[in-house]
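Descriptive structure summary
Each chain, letter by letter, is given below.
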Amino acid sequence: MDKASPCGGEEWLFDSAQGHMYLSTPIEEIPRVGPQYQKKLKKLGIETVGQLIFHFPHRYEDFSDIIPISKAEPGKIVCVQGKITEIRNIRIFRRRMYITEAKINDESGGIRAVWFNQPYLINTLKKSDFVFLAGKMVSKNGKKYLSSPAYEKIPAQFVESLENGKRYDSVHTGRIIPVYPETEGMSSRWLRFIIKPLLTKIKDKIPETLPKNEVLKKHELLPIKEAIWQIHFPDTLEKAELAKKRFVFEELFDLSLAILSEKIRLAKEKAILIPINLESVKKFVEKLPFKLTLDQRKAAWQILKDLEKTKPMNRLLDGDVGSGKTVVATMAALNTAKSELQIAFMVPTEILAKQHFKTISTLLKGFRIKIGLITGKENFSNGRKIKRKEIIEKIKQGKVDILIGTHALIQEKVKFKKLGLVIIDEQHRFGIEQRAKLCRKQKYIPHLLSMSATPIPRTLTLTIYGDLDLSLIKEMPKGRKKIITEIIRPEKRQQAYDFIRKEVKSGKQVFVACPRIEPSTKNNGVGQALIALSWAEVKAVKEEYEKLSKNIFPDLNIGMLHGKMKTEEKEKVLKSFENRKTDILVSTSVIEVGIDFPNATIMMIEGADKFGLAQLHQFRGRVGRSKYQSYCFLLSEFPNNPRLKAMIKFQDGFELAEKDLKLRGPGDLTGQRQWGVPDFVMASLKNIELVEKTRIAAKEVLQIDPELKNYPGLRTKLKEFQQRIHLE
Ligand code: ADP
Ligand code: MG
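Keep in mind the model is a prediction, meaning the values are calculated, not measured.

Some remarks on the sheet that holds strand β15 (residues 447–452)
- Taking strand neighbours across the sheet as the criterion, the nine strands line up as β12-β11-β10-β13-β9-β14-β15-β8-β16 in an open arrangement whose pairing is mixed. Looking at the sheet topology across the chains shown, the edges are occupied by β12 (384–385) and β16 (469–473).
- Here strand β14 (residues 419–424) runs beside β15; their pairing, made up of four bridges, is parallel. Residue Val422 lies in a different strand from β15, and its bridge partner there is Leu448.

A few points about the packing of aromatic side chains
- Per the stated rule, a full pass over the model turns up 15 aromatic pairs.
- Ring centres of Phe499 and Tyr631 lie 4.7 Å apart, and the angle between their planes is 75°; this geometry places the pair in the edge-to-face category. Note that Phe499 is positioned in helix α15 (residues 493–505) and Tyr631 in strand β22 (residues 631–635), a separation of 132 residues in sequence.
- Phe499 gets classed as partly exposed once you look at its relative accessible area, which sits at 22%.
- Given a relative accessible area of 14%, Tyr631 falls into the buried group.
- An aromatic cluster of at least three residues, connected via ring pairs, comprises Phe54, Phe56 and Phe247.
- Across the ring face of Tyr37, the terminal group of Lys40 is positioned such that the distance to the ring centre comes to 4.6 Å.
- Lying across the ring of Tyr22, Lys205 places its NZ or CZ 4.7 Å from the centre.

A closer look at the pairing of strand β4 (residues 109–116)
- Among the eight residues that make up β4, six are buried, leaving the element largely enclosed by the rest of the structure.
- Alignment of strand β3 (residues 97–106) against β4, held across eight bridges, turns out to be antiparallel. Each bridged residue has a counterpart across the sheet, and for Asn105 the counterpart in β4 is Gly110.
- Turn length for the β3-β4 hairpin, with the two strands adjacent in sequence and antiparallel, is two residues.
- The pairing of β4 with strand β6 (residues 143–154) spans two bridges and is parallel.

Examining the packing of helix α6 (residues 224–232) against helix α7 (residues 237–268)
- At their nearest, the axes of α6 and α7 sit 8 Å apart, and the two run at 125° to each other. The angle between the axes of α6 and α7 places the two elements in the oblique class. Once α6 is placed against α7, the crossing between them reads as left-handed. Between α6 and α7, the residues in contact are Ile224, Glu226, Ala227, Ile228, Gln230 and Ile231 and Lys239, Ala240, Ala243, Lys244, Arg246 and Phe247, respectively.

A few points about the sheet that holds β3
- Spatially, the five strands close up into a barrel ordered β2-β3-β4-β6-β5, and their pairing is mixed. Direction aside, neighbouring strands of the sheet carry axes that sit 45° apart on average.
- In terms of strand pairing, strand β5 (residues 130–140) meets β6 through 10 bridges, oriented antiparallel. Counted as the bridge partner of Phe132 is Glu152 from β6.

Some words on the pattern of salt bridges
- The full count for this structure, using the stated rule, is 31 salt bridges.
- When the shortest N-O distance is used, the salt bridge between Arg315 and Asp306 registers 2.7 Å. Taken as a pair, Arg315 and Asp306 share a single burial class, namely buried.
- Connected through shared salt-bridge partners, Glu86, Arg88, Glu101, Lys103 and Arg112 make up one network.

Topic: the site of ligand 1
- Surveying the vicinity of ligand 1 reveals 17 residues, the closest of which are Gly322, Lys325, Thr326, Arg480 and Asp596.
- Taking Lys291, its main chain carries an N or O atom lying 2.8 Å from a nitrogen atom of ligand 1.
- A distance of 3.4 Å separates an oxygen atom of ligand 1 from a polar side-chain atom of Arg625.
- When the free accessible area of ligand 1 is taken as 560 Å², the share hidden by the protein chains comes to 85%.

Thoughts on the confidence of the model for the chain
- Averaged over every residue, the pLDDT of the chain is 83; residues scoring 70 or more account for 84%.
- Averaged pLDDT values over the elements of the chain bottom out at 55 in helix α21 (residues 679–684) and peak at 97 in helix α10 (residues 325–337).

Re the environment of Phe367
- By the element assignment, Phe367 lies in the loop between α11 (350–363) and β10 (371–374).
- Its relative accessible area of 3% is what places Phe367 among the buried residues.
- Each C-alpha atom of the pair Phe367 and Lys283 lies 9.2 Å from the other, and the pair is 84 residues apart in sequence.
- Apart from residues lying up to four places away in sequence, Phe367 is in contact with Ser280, Lys283, Phe284, Lys287, Leu334 and Lys338.

Details of α11
- For α11, with 14 residues, the first-to-last C-alpha span of 20 Å sits near the 20 Å given by 1.5 Å per residue.
- Every buried residue of α11 is accounted for by Ile351, Leu352, Ala353, Lys354, Gln355, His356, Phe357, Ile360 and Leu363.

What to know about α15
- Compared with the 18 Å implied by 1.5 Å per residue over 13 residues, the 19 Å span of α15 between its first and last C-alpha is a close match.
- Those residues of α15 that sit buried are Ala496, Tyr497, Ile500, Glu503 and Val504. Here the buried residues of α15 occupy an arc of 120° about the axis, which is enough to place them on one side. Of the residues in α15, the exposed ones pointing more than 90 degrees away from the buried face are Gln495, Lys502 and Lys505.

Thoughts on the packing of helix α9 (residues 294–307) against α10
- Running from N to C, α9 and α10 point in directions that differ by 30°, and their axes come no closer than 9 Å. Relative to α10, the element α9 is oriented roughly parallel. Seen along the crossing, α9 lies across α10 with a hand that is right-handed. Counting all contacts with α9, which are made through Gln296, Ala299, Ala300, Ile303, Leu304 and Leu307, the residues of α10 involved are Val327, Val328, Met331, Ala332, Asn335 and Thr336.
- Class assignment for the residues of the contact of α9 with α10 results in nine nonpolar, three polar and no charged.

Description of unusual backbone geometry
- Unusually for a residue other than glycine, Arg96 sits at a positive phi of about 50°.
- Within the element layout of this structure, Arg96 appears in the loop between β2 (77–92) and β3.
- Arg96 sits in the exposed class, given a relative accessible area of 78%.
- At Ser148, a position not held by glycine, the phi torsion is positive, near 40°.

Observations concerning the environment of Arg620
- Mapped onto the elements of the fold, Arg620 is located in helix α18 (residues 613–620).
- For Arg620, a relative accessible area of 2% corresponds to the buried category.
- When residues no more than four places from it in sequence are discounted, the contact partners of Arg620 are Ile483, Thr485, Met603, Cys632, Met647, Phe650, Gln651 and Leu656.
- Only 2.8 Å separates the side chain of Arg620 from the backbone oxygen of Phe650, close enough to count as a polar contact.

Thresholds applied
- Residues numbered from 1 in each chain as written.
- Chains lettered and ligands numbered in written order.
- Predicted model: local features only at pLDDT ≥ 70, side-chain atom pairs only at ≥ 80, totals over all residues.
- Heavy atoms only, no water.
- Pairing = 2+ DSSP bridges.
- Helix = DSSP H or I, 4+ residues; strand = E, 2+ residues; numbered from the N terminus.
- Phe/Tyr/Trp six-rings, centres within 6.5 Å; stacked < 30°, edge-to-face > 60°.
- Buried < 20%, exposed > 50% of the residue type's maximum accessible area, 1.4 Å probe, protein only.
- Lys NZ or Arg CZ within 6 Å of the ring centre and 35° of its normal.
- Axes fitted to C-alpha atoms, helices over the stretch in contact; angles between N-to-C directions.
- Parallel < 35°, antiparallel > 145°, perpendicular 65-115°, else oblique.
- Left-handed = near helix turned anticlockwise from the far one by under 90°.
- Contact = heavy atoms within 4.5 Å.
- Salt bridge = Lys/Arg side-chain N within 4 Å of Asp/Glu carboxyl O.
- Near = heavy atom within 4 Å.
- Polar contact = N/O pair within 3.5 Å; in protein donor to acceptor, adjacent residues only side chain to side chain.
- Areas by Shrake-Rupley, 256 points an atom, 1.4 Å probe, with all protein chains shown as cover.
- pLDDT = per-residue confidence, 0-100.
- Expected span 1.5 Å × (residues − 1).
- Arc of directions from axis to C-beta.
- Nonpolar A, V, L, I, M, F, W, Y, C, P; charged D, E, K, R; others polar.

Structure follows, in structure tokens:
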């Protein structure tokens, strides 16, 4: 409980506060939001009035029924209204605590209220004050009392009107009250205190962006002014539901609108037609050391067919970890290079860039394709290490056909002679932003292939992604065995170690993923919290490394990998693992994305319950990449954790994504993105009917007004939205 927080009784003063408020007003200008609270809000990403009022409660407490004190029965949540006849602090030395006890009376009778360890309450609540109290009635040792009730003082000037049967416009009691996701130091009480007067001031200034007739009326949605009020301070729980329905509809509608309008925009652009070079494609397939799966062949064909059009391709190649997307992309790259066009192949990390450079160079041996690598630090062309300036020059002259790289690839200086195809790997999003950067100053648009190992749940592919060109690889390469997944409780740890030793002795390798560390909330600022976090993870990795190499496996070779290491160091570590000189690699989540070490057969995840389902699945995908039996050990004290159970039940990423959707459940309007879209959209995606409705609504609006000329507000929001979810 924070003492600085308003303890009732002063709220009405707020209306006299001077100054105008807009959605864009910074939180610093909100009356009563001091520096401490500004920091806390910023930590949640809330910097403006608009962001604050769009910080929604995740549930409600219904204190709307005010009853006579005599009717308050034990076991019930009640709200009463009366006069304090006595209030005092009692110190209990034995238990080192304070109890604050008050007596409250109304016409029907009297009641006791008890608070624990809030002695400062007596500075706020005084004898003869009129108050609302809301909370649970308990009965202990024959005594009835209200236990730690929420309280709210009724200002003196309102007491008279109450006596005339009117109701005081309360904030924390006497109504349905919002409960916000609690973050340290920012109570729901404080948020209500700030948000309510703010809403009163601002709600009429919030522009309505949903089309009135086509959307609001047709789908019976609350207008924004009402919805924003009802989501915070609903008249009834039904009204709260209606408000939520509007915001969910809006989010899905915007998402559909973003996808559809991008499609319309792209259809007008021109790309270069790249004919299928059957000879090369055939030769490529024949040279592969394995047979392509049916899904791989289908996906490759769809891509090659797209390239054969003057309409820019915008395709997402989605396949579970290890399903073999790289080969498919390489085929598209080869075909493009054979038409004298360049390919930009972008990946998220340097490690992955190098690995791709190697893999693709091997796959394309004998095709006379020039392959380049550009990362933050090193650059290669045709197997030779060269200076950055040199590679940039080669790209400009068209002497590099396929350029593989990290973000370095989209920097200003890199200009292609004739870019035909952009491939973006492991992005979880569609990367048109990157494409836009890559085709600066070009007359035509390159084709775009995005790849993701983030399985999109079936419900999604049927609905929202229905308008996106999507190739799915669902079938795994032949001969892969099911990864044996087990939850390991602390007392079974030794057995897991014994097993690891046995596997290593037979020539296999092991990953150990260190537990995720929550950012410490003690830090004063997001930036600092993140830095502290990555160092904490480094510490965890080092400790685990020490433990394993000194105590557990002194006879084995242990390696360590974390985000704070220099690139050269990382390289060395990975090289040693690849050459099988390292038996066990201890790591942070850097091993999560993309890398391919078929000889690794055990993934041991420490503190597995700390990870999200998507991440756990990514971890597991690092093993099981060969014909050997692989294992995933989930170390946790909580064997009943539903995510861990789901990991055991499902292997398939698509099924897991579906399950994840269910586990999260609706109601959580805030939160992180996992599978590429915001959580609460994910939650509402369960409602296929609603998704379908929003998609049709978006289509209708765009059919009449493709540029959204009549809806400037919607147009602006669409732009913001596209940036926000990097959809574009
Ligand atoms: P991801 O889809 O996760 O990017 P990769 O492209 O890294 O997967 O492929 C994973 C591994 O599977 C690689 O070692 C690759 O050589 C191999 N692979 C790809 N396709 C096949 C196939 N059809 N049969 C056997 N192995 C394959
Ligand atoms: Mg990959």
